[in-house]
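# Coordinates in review
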Amino acid sequence: MDTLASSLQSYFRSSSPERYISAAPLCANNTVLPYGLYANANFVWPRFYNAKACCFGSKGFNNSVSTWYNYLNSINSDLGPTYPRVYLGGLSFNNSNSGFMEPDAFVNATFTGRRLVQSKFGGVSLWEGTDGLVTKNAQGRDFLNVTKAGLLRDI
């Protein structure tokens, strides 16, 4: 996996259109993929849902986000010091499992997560975008637009 990621990244540097390497592991295990993959990844999207110990809204969320930041910050990325970029993965709809938060609460939790990952923060990733258009806050704004507005706030 390390060799594959390194080889792909070397090809991607001169490819058109641009290509990227990403990973979307569960929030509970930041070392499930080989170190070399993370060293060559552009983006890591830990899934902070469907894992009760570290999902959005759990007691372990902040600790898990900090653990991810510390781990990825310790990697000597081949792409530069701000890589891989961390995208906090959340749910944009209630799947009756763990990790869903109403849009405004999600934005507040994301705001906290941004502070914890500091220079590695890239944004959020949402499962499932089309459901996010029907999930509304109390003012009738959809999950995607509430999240976008929240990401534009200064931390």
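Residues numbered from 1 in each chain as written. Predicted model: local features only at pLDDT ≥ 70, side-chain atom pairs only at ≥ 80, totals over all residues. Heavy atoms only, no water.

### Section: the sheet that holds strand 3 (residues 85–91)
Strand order in the open sheet made by the 4 strands is 1-2-3-4, with parallel pairing throughout. In this open sheet, the two edge strands, each paired with only one partner strand, are strand 1 (22–23) and strand 4 (121–127). Alignment of strand 1 against strand 2 (residues 43–44), held across 2 bridges, turns out to be parallel. The residue bridging Ser22 from the neighbouring strand is Phe43, located in strand 2. Across the sheet, helix 6 (residues 143–151) touches strand 3 and strand 4, and the angle it forms with strand 4 is around 170 degrees. (Pairing = 2+ DSSP bridges. Helix = DSSP H or I, 4+ residues; strand = E, 2+ residues; numbered from the N terminus. Contact = heavy atoms within 4.5 Å. Axes fitted to C-alpha atoms, helices over the stretch in contact; angles between N-to-C directions.)

### So, helix 3 (residues 61–73)
Its 13 residues give helix 3 an end-to-end C-alpha distance of 18 Å, which sits within 8% of 18 Å, the value for a rise of 1.5 Å per residue. Tucked into the core, helix 3 has its buried residues touching helix 2 (35–40), strand 2, strand 3 and helix 4 (103–117). (Expected span 1.5 Å × (residues − 1).)

### Description of the packing of aromatic side chains
In total, this model carries 12 aromatic pairs according to the counting rule given. Geometrically, the ring pair formed by Tyr38 and Tyr71 is edge-to-face, given 5.6 Å between the ring centres and 85 degrees between the ring planes. Placement of Tyr38 in helix 2 and of Tyr71 in helix 3 is noted, with a sequence separation of 33 residues between them. A relative accessible area of 0% means that Tyr38 is categorised as buried. Residue class for Tyr71 comes out buried when judged on its relative accessible area of 18%. Note on Phe100 and Phe143: the rings are 6.3 Å apart at their centroids and 35 degrees apart in plane angle, and the pair reads as tilted. Here Phe100, found in the loop between strand 3 and helix 4, pairs with Phe143, found in helix 6; they are 43 residues apart in sequence, far enough to count as distant. Comparing Phe100 with Phe143 shows no difference in burial state: the two are buried. Grouped by ring-pair contacts, the aromatic residues Phe48, Phe56, Phe61, Phe100, Phe106 and Phe143 constitute a single cluster. (Phe/Tyr/Trp six-rings, centres within 6.5 Å; stacked < 30°, edge-to-face > 60°. Buried < 20%, exposed > 50% of the residue type's maximum accessible area, 1.4 Å probe, protein only.)

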